[in-house]
Amino acid sequence: MEKVYLVGGAVRDAIMGKESHDLDYVVVGSSPEKMIAKGFKQVGADFPVFLHPETGDEYALARTERKTGNGYAGFETVFDETVTIEDDLSRRDLTINAIAQDLETGEFIDPFGGVQDIKDKNLKHVSDAFKEDPLRILRVARFYARFPDFKIDPTTMELMREIYDSGETKFLTKERIWKELSRAIIYTEGSKFFQVLQNVGMGKDLFPLIDGFKTDRNIDFTTSKVSAFEIDSRLNKMDLKDKIAGWSLSTYDVTDPNISSMWKSLSAPSSIVDHVEMSVSLWNNILKSGFKIEDLKKPSEPMYDLIKSHDGFRRTDRFIDAYSVVRNHFAMLSNNPKCFTDPVTVTEWIEDAKLTKDETKNVIANSDKKEIAVNMEKEKEKKWKKLSKSISPKFKY
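Small disclaimer: the values here were computed from a predicted structure and weren't measured.

With four of its five residues buried, strand β1 (residues 3-7) lies for the most part within the structure. Relative to strand β8 (residues 100-102), β1 is paired through three bridges, and the arrangement is antiparallel. When the bridges of β8 are listed, Leu6 appears paired with Gln101.

Structure, rendered in structure tokens:
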């Protein structure tokens, strides 16, 4: 007999008293032909997933999986009308995600104790089949960041270490690594994602240039000078792009400029890679050039050079985005929120120093063709110096 169940995150979140927008359903006792006959649209390539003709919600046929190769893709999927809801739930990663709800009766089907683990705030694997899929390490790490008051069951941590020791994590694609990281790092305590990878042993493999990972997995993820909790707090209200840039900056010295290439190799969007590259360049420039804090509190000559060398007069928004990350990072390390002038004021300085249309026309009219660019730069420098004399340090928060 055909039966439909609500499964996964929606059930878990309902039990936890949280709102869920992703509704996933499992259909027992059906087939692709029967689903299509009812007007569902098949979208799954590896196994049958169907979109409801009216709501667009996903309905998947109950299925089981058998390990056939390496990595998270090395599975053979079996789906037919004999697969039960308990069979389907048994292939899932954590007990808290292996709960179904009967849509007719409202009853929970919980063969692996997920409801109790939610009450105990315990992230625990469903079965030993957990270790067949290396992606589950990253998923557990993400759930640990999402639910910071939960703990990871010791037996589950042991299985994750076994997965890493077996070499299975080498078969994870860069796209899936980025997907899990980008979903985890946006949470309030995103560093807990890194903490799990450190304790498993794979953090140094995936993110070798991020400060905090150690060779010994029995040592916690620990950043220099400031705690990971402080970094989480500083980055709390930032978007993904700024959080990735913030975590990329060293907490004790200049940052390896190759870190932007690391993100690129993990399939991070080009806008994020560029933002990291600009932020790291600014950070390193400030540290290496011997800037005085006073130089960053006013439209000084060093500030002008910093903006000019990073194309800040032409691509102002790009420069200010990176400047904001660097300012926030320096404020955290120095415990001094007034270390740099605020980004809004720096933007005003840049705009005030740019040549107006009339000023540009005047330079062009009074310059040889070969000297136009040089003379325009000189004129901009004059405006900056004039600005420097008229403005005292400003801060906004």
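Don't stop here, the text continues.
Here we come to the packing of helix α5 (residues 135-146) against helix α8 (residues 191-200). Two numbers describe a pair of packed helices, the interaxial angle and the distance between the axes. Their axes nearest at 7 Å, the elements α5 and α8 cross at an angle of 140°. When the axes of α5 and α8 are compared, the pair comes out oblique. As for how α5 packs across α8, the hand of that crossing is right-handed. Every residue of α8 that contacts α5 at Ile137, Leu138, Ala141, Arg142, Tyr144 and Ala145 is listed here: Lys192, Phe193, Val196, Leu197 and Val200. Classifying every residue of the contact of α5 with α8 gives nine nonpolar, no polar and two charged.

Scanning all chains against the criterion turns up 21 salt bridges. Among the ionic pairs, Arg139 bridges to Asp93, the shortest N-O distance being 2.5 Å. Taken together, the residues span a long stretch of sequence, with Arg139 in helix α5 and Asp93 in the loop between α3 (85-90) and β8 at a distance of 46 residues. Classification of Arg139 as partly exposed rests on a relative accessible area of 23%. A residue is classified by how much of its surface remains accessible, and Asp93, at 5% relative accessible area, is buried. Measuring nitrogen to oxygen at the nearest pair gives 3.4 Å for the salt bridge that ties Lys131 to Glu162. Taken together, the positions of Lys131 in the loop between β10 (122-123) and α5 and Glu162 in helix α6 (residues 154-166) put the pair 31 residues apart, joining distant regions of the chain. Given the relative accessible area of 34%, Glu162 is considered partly exposed.

So, on to the nonpolar core. Among soluble globular proteins, nonpolar side chains are generally buried collectively. Counting 93 residues, the largest nonpolar core has Phe193, Phe194, Leu197, Phe207 and Trp263 as the members making the most contacts within it. Examining the composition of this core, we find that nine residues originate from one element, helix α15 (residues 316-334), more than from any other. Those residues in contact with Trp263 that sit more than four places away from it in its chain are Trp178, Leu181, Phe207, Ile210, Ile244, Ser248, Ala268, Val273 and Val276. In terms of nonpolar packing, the next biggest core, distinct from the first, is built from 12 residues, Val28, Val83, Ala100 and Ile109 among them.

Glancing now at the environment of Lys3. Looking at where Lys3 falls in the secondary structure, it is placed in strand β1. Judged by its relative accessible area of 16%, Lys3 is buried. Sequence spacing of Lys3 and Glu104 is 101 residues, and the spatial spacing of their C-alpha atoms is 8.9 Å. Those residues in contact with Lys3 that lie beyond four places of it in its chain are Val26, Val27, Val28, Asp102 and Glu104. In terms of polar contacts, Lys3 uses its side chain to reach the side chain of Asp102, at 3.2 Å.

Criteria and thresholds
- Residues numbered from 1 in each chain as written.
- Predicted model: local features only at pLDDT ≥ 70, side-chain atom pairs only at ≥ 80, totals over all residues.
- Heavy atoms only, no water.
- Buried < 20%, exposed > 50% of the residue type's maximum accessible area, 1.4 Å probe, protein only.
- Helix = DSSP H or I, 4+ residues; strand = E, 2+ residues; numbered from the N terminus.
- Pairing = 2+ DSSP bridges.
- Axes fitted to C-alpha atoms, helices over the stretch in contact; angles between N-to-C directions.
- Parallel < 35°, antiparallel > 145°, perpendicular 65-115°, else oblique.
- Left-handed = near helix turned anticlockwise from the far one by under 90°.
- Contact = heavy atoms within 4.5 Å.
- Nonpolar A, V, L, I, M, F, W, Y, C, P; charged D, E, K, R; others polar.
- Salt bridge = Lys/Arg side-chain N within 4 Å of Asp/Glu carboxyl O.
- Core = buried A, V, L, I, M, F, W, Y, C linked by side-chain atoms within 4.5 Å.
- Polar contact = N/O pair within 3.5 Å; in protein donor to acceptor, adjacent residues only side chain to side chain.

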